[in-house]
Amino acid sequence: MPIRQLPEDLINRIAAGEVVERPASVVKELVENAIDAGASRIVVTTAAGGKGLIRIEDDGHGMDRADLVLSVERHATSKLSEDELDDIRTLGFRGEALASIGSVAELSIASRTAQADSGLRLEVRNGVRSGPVPQAMNRGTIVEVKNLFAKVPARLKFLKSDRAEAGAITDVVKRLAMANPAVHFVLNGSDRTASNWPAVSGAGALQARLGQVIGDDFARNAVTLATSRHGVVVAGLAGLPTYTRANSLSQFYFVNGRSVRDKVLVGAIRAAYADYTFRDRFPVVALYIAVDPGEVDVNVHPAKAELRFRDAGAVRSAVIRAIGEALTAAGFKASATVAEDVLGAFTAPAYESAEAPAFRAPEQASAWGGSSMRAAPDNAWASPRLDGFTEPSARVEAEPSPAFAEYPLGTARAQLFDNFIIAQNGEGLLLVDQHAAHERLVYERFKAQLASGPVPSQAQLIPLVIELPEEDCARLEEAAPELERFGLYLERFGPRAIAVRETPALLGNSDIDGLVRDVADGLAEWDSIAAVSDRMEAIIARMACHGSVRSGRRLRVDEMNALLRDMETTPHSGQCIHGRPTYVELKQKDIERLFGRSR
């Protein structure tokens, strides 16, 4: 078959396959055009998941007759003043969206400038243009797309259900609203519940818009990002480590006002939270990056959903540092959702009427003042026996000094099950996991000592000999020089034994046998001795776990209060190294609500 020049209509339909993937793609392109036109209010209306109708109305600058006619031509744009792609400051720049949409749907555009007496309306039906004709309207532009892919059944059958497509449109508009807090967004239609996000301005505009779109819950449980490093400005909100989700759908990335997906940013978020969250949990983040437009290439994806940084390392380090500093500044703060989960676990006890406290009614006195009342038995007023309360499960110490109530984590009141500290501050009650909290404290001390040099060690009076499989002994022997940085000095002691001569001073009298076996397991898993230095956090985490206060250990009241004070001064102490919360705080009003006193 000879080579031939394709007709214009077929070229447009091929281009539409790259730009118009689904109804959400149409909404994205049209709303971006409205934002570039300086709109302050954008209304998005859909029907049948966008397959039946997409209507975008804005109050932007509008277009005159010449611009309106040219707007539906391929590669016609007003957003490139020069023929350069190195300094793109608008969301759109290719000039092919309207032509692509018009080739696979019924497209109509009505627009009016501030100087015009009336608007103009132009239609494109499956690639064929008609108009423009006069249209009565206010300043701005109204774009309607009907019967998307109706003439391209092969594309139509690959679309999902109306509900799924409507959900994709909602996600697109949410991201655009998050990136543009100064624009008022309205999303409605017959296939959805209406959403209205008024414009916000001022110092707290970004946080206010995120509260509108994601929810106030996120804003309350997040830290503010505001740093600049190597020409990279990082802003936004990062959720506390204890405020996570089961997937990454609640992670939002914006570069120069554009919503993107980028492996560099995803990796930076994962690295920033590596010390604080479970592997299968994802923090909630709204990350805004501002860089020089010349330092980023946005022309690497047909839908402009991906980009490429010229200096990806600088961006990654700036993001990691911004999140690290913000989480460190948050100190021991934990998310409020932890307390809400605890409250949800409480249920009021239900007693059947037969189990109600039973007592004998006193007999009536005689008419002459004498009493025929018999003495009630000792257990006449006794309540039914409650299982679990026959033996003490908590140990209460003497009343502590009132000065401790001034501290954020309060003063220790009791120890429950030899593992949980009950404390009280001026606002409510706290339940602290002593092992998880101390584990974080030891971990942070390890990191600080390792950053300033080798971890101090203490010699064993008599070296501890641990019997291990020969292959584990070989791995430990090979890794011994690296492990000395962590304060752990090991020597081979025969073919199947290791002698421990010095241990990290921070660990004290901890489970050294278990620690060495854990390190041996880690070396077998990593399958490389060179990985020891790369796995510094994992090595420290294993040591911290074995060097912390164990569950089941009884603490004196001064030890419990000392632990609370250390938590207040140690960054990230609101969660353990595995991502679990170290304490739960119940406000007084929460406790009163459990007993129905707030009704």
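Engineer: What's the story with the overall build of the protein chain in this structure? I'm lost.
Structural biologist: Counting its regular elements, the protein chain contains 18 helices and 25 strands. For the protein chain, buried positions account for 44% of its 599 residues. Put simply, of all contacts in the protein chain between residues at least 6 apart along the chain, 69% involve residues at least 24 apart. Split by element, the accessible area of the protein chain, about 31100 Å² in all, is 52% carbon and sulfur.

Engineer: I'm lost on helix α17 (residues 557–569) in this one. Help?
Structural biologist: Side chains three or four residues apart in an α-helix point the same way, a direct result of the helix having 3.6 residues per turn. Over its 13 residues, α17 extends 19 Å from the first C-alpha to the last, a length consistent with the 18 Å expected when each residue adds 1.5 Å. Those residues of α17 not exposed but buried are M560, N561, L563, L564, R565, M567 and E568. Buried residues along α17 sit against β19 (411–416), β20 (420–424), β21 (428–433), α12 (434–451) and β25 (583–587).

Engineer: Even after reading the chapter, I still don't get the sheet that holds strand β8 (residues 195–197), so can you show me in this structure?
Structural biologist: Two pairing modes exist for strands in a sheet, parallel and antiparallel, and in both the strands are linked by backbone hydrogen bonds. Strand order in the open sheet made by the 8 strands is β5-β4-β3-β6-β2-β1-β7-β8, with mixed pairing throughout. A strand with exactly one partner marks an edge of an open sheet, and here the two such strands are β5 (128–135) and β8. Neighbour to neighbour, the strand axes of the sheet diverge by 10° on average, direction disregarded. Sheet topology places strand β2 (residues 53–58) next to strand β6 (residues 140–146); 6 bridges connect them, and they run antiparallel. What sits directly across from L53, in β6, is K146. Each of β3 (106–112), β4 (119–125) and β6 is contacted by helix α4 (residues 97–104), which is oriented at about 140° to β3, the strand it contacts most. Lying over the sheet, helix α6 (residues 162–179) contacts β1 (41–47), β7 (184–189) and β8, oriented at roughly 170° with respect to β7.

Engineer: What is the right way to read the environment of V584 from this model?
Structural biologist: Mapped onto the elements, V584 comes out in strand β25. Considering only alpha carbons, one finds V584 and L430, 154 residues apart in sequence, at a separation of 5.6 Å.

Engineer: I'm lost on the pairing of β6 in this one. Help?
Structural biologist: Looking down a regular strand, the side chains alternate between one sheet face and the other. The buried fraction of β6 amounts to 6 of the 7 residues, a majority that puts the element mostly inside the structure. The pairing of β3 with β6 spans 7 bridges and is classified as antiparallel. Bridge pairing links A110 to I142 in β6.

Engineer: Looking at this structure, how should I read the pairing of β2?
Structural biologist: Burial of β2 is one-sided: the residues I54, I56 and D58 facing one way are buried, the residues L53, R55 and E57 facing the other way are not. Sheet topology places β1 next to β2; 6 bridges connect them, and they run antiparallel. Residue T45 lies in a different strand from β2, and its bridge partner there is R55. What sits between β1 and β2 in their antiparallel hairpin is a turn of 5 residues, with A48 showing a positive phi close to 55°.

Engineer: When you look at the packing of aromatic side chains in this model, what are you seeing that I'm missing?
Structural biologist: For any pair of aromatic rings, the description rests on two quantities: the centre-to-centre distance and the angle between the ring planes. This model, assessed by the stated rule, comprises 2 aromatic pairs. Plain terms: the ring middles of F254 and Y288 are 4.7 Å apart, the flat faces sit at 15° to each other, and that makes the pair stacked. Taken together, the residues F254 in strand β12 (residues 251–255) and Y288 in strand β15 (residues 285–290) connect sequence positions 34 residues apart. Residues F254 and Y288 agree in their burial class; the two are buried. Of note, R245 hangs over the ring of Y243, and the distance from its end group to the ring centre comes to 4.7 Å. Over the aromatic face of F486 sits the side chain of R485, whose NZ or CZ is 5.7 Å from the ring centroid.

Engineer: Any chance you could explain the packing of α12 against α17 here in plain terms?
Structural biologist: The geometry of a pair of packed helices is captured by two quantities: the angle between their axes and the separation between those axes. For the pair α12 and α17, interaxial distance at closest approach is 10 Å and the crossing angle is 50°. The angle between α12 and α17 places the two elements in the oblique class. Handedness of the crossing formed by α12 with α17: left-handed. Seen from α12, the contacting residues are Q434, A437, H438, L441 and R445; seen from α17, they are L563, D566 and M567. In the contact of α12 with α17, the residues fall into 4 nonpolar, 2 polar and 2 charged.

Engineer: What exactly am I supposed to notice about the nonpolar core here?
Structural biologist: Inside soluble globular proteins, nonpolar side chains tend to come together where they are buried. V31, I42, V145 and F185 are the most contacted members of the largest nonpolar core, which has 54 residues in total. Tallying contributions element by element places α6 first for this core, with 8 residues. Dropping the residues within four chain positions of it, V31 is found in contact with I42, V44, I56, L176 and F185. Of all hydrophobic cores here, the second largest spans 32 residues; its members include Y273, Y276, V298 and A322.

Engineer: Before we go on, may I ask you to explain the pattern of salt bridges in this structure?
Structural biologist: Any two side chains of opposite charge can pair if their charged atoms end up close together. A full pass over the atoms with the stated rule returns 31 salt bridges. Between R129 and E73 there is a salt bridge, and its shortest N-O distance comes to 3.3 Å. Taken as a pair, R129 in strand β5 and E73 in the loop between α3 (65–71) and α4 lie far apart in primary sequence, 56 residues in all. Accessibility expressed as a relative area gives 40% for R129, which makes it partly exposed. For E73, a relative accessible area of 37% gives the class partly exposed. In this structure, R485 and E482 form a salt bridge, with 3.6 Å as the shortest nitrogen-oxygen distance. Within this structure, R55, E57, E144 and K146 form a network of salt bridges that share partners.

Engineer: What is the right way to read unusual backbone geometry from this model?
Structural biologist: Glycine aside, residues mostly have negative phi angles, and peptide bonds mostly take the trans form. Omega for the bond connecting G131 with P132 falls within 30 degrees of zero, at 10°, which places this linkage in the cis form. Relative to the helices and strands, P132 resides in strand β5. Backbone geometry places F417, a non-glycine residue, at a positive phi of 55°. If you trace the backbone, F417 turns up in the loop between β19 and β20. On the basis of relative accessible area, F417 is assigned to the exposed category, the value being 53%. Look at H572: it is not a glycine, yet its phi comes out positive at around 65°.

Engineer: Even after reading the chapter, I still don't get the sheet that holds strand β22 (residues 457–467), so can you show me in this structure?
Structural biologist: With respect to topology, 3 strands assemble into an open sheet ordered β22-β24-β23, the strand pairing being antiparallel. If you trace the sheet from one side to the other, it starts and ends with β22 and β23 (489–492), each paired once. Sheet twist, expressed as the mean angle between neighbouring strand axes with direction ignored, is 20°. Across 4 bridges, β23 lies against strand β24 (residues 497–504) in antiparallel orientation. In the strand pairing of β24, L490 is matched with V500. Where helix α13 (residues 470–483) meets the sheet, its contacts fall on β23 and β24, and the angle it forms with β23 comes to roughly 140°.

The rules behind each value
- Residues numbered from 1 in each chain as written.
- Predicted model: local features only at pLDDT ≥ 70, side-chain atom pairs only at ≥ 80, totals over all residues.
- Heavy atoms only, no water.
- Helix = DSSP H or I, 4+ residues; strand = E, 2+ residues; numbered from the N terminus.
- Buried < 20%, exposed > 50% of the residue type's maximum accessible area, 1.4 Å probe, protein only.
- Contact = heavy atoms within 4.5 Å.
- Areas by Shrake-Rupley, 256 points an atom, 1.4 Å probe, with all protein chains shown as cover.
- Expected span 1.5 Å × (residues − 1).
- Pairing = 2+ DSSP bridges.
- Axes fitted to C-alpha atoms, helices over the stretch in contact; angles between N-to-C directions.
- Phe/Tyr/Trp six-rings, centres within 6.5 Å; stacked < 30°, edge-to-face > 60°.
- Lys NZ or Arg CZ within 6 Å of the ring centre and 35° of its normal.
- Parallel < 35°, antiparallel > 145°, perpendicular 65-115°, else oblique.
- Left-handed = near helix turned anticlockwise from the far one by under 90°.
- Nonpolar A, V, L, I, M, F, W, Y, C, P; charged D, E, K, R; others polar.
- Core = buried A, V, L, I, M, F, W, Y, C linked by side-chain atoms within 4.5 Å.
- Salt bridge = Lys/Arg side-chain N within 4 Å of Asp/Glu carboxyl O.

The quantities given are spatial measurements derived from coordinates; they are silent on function.
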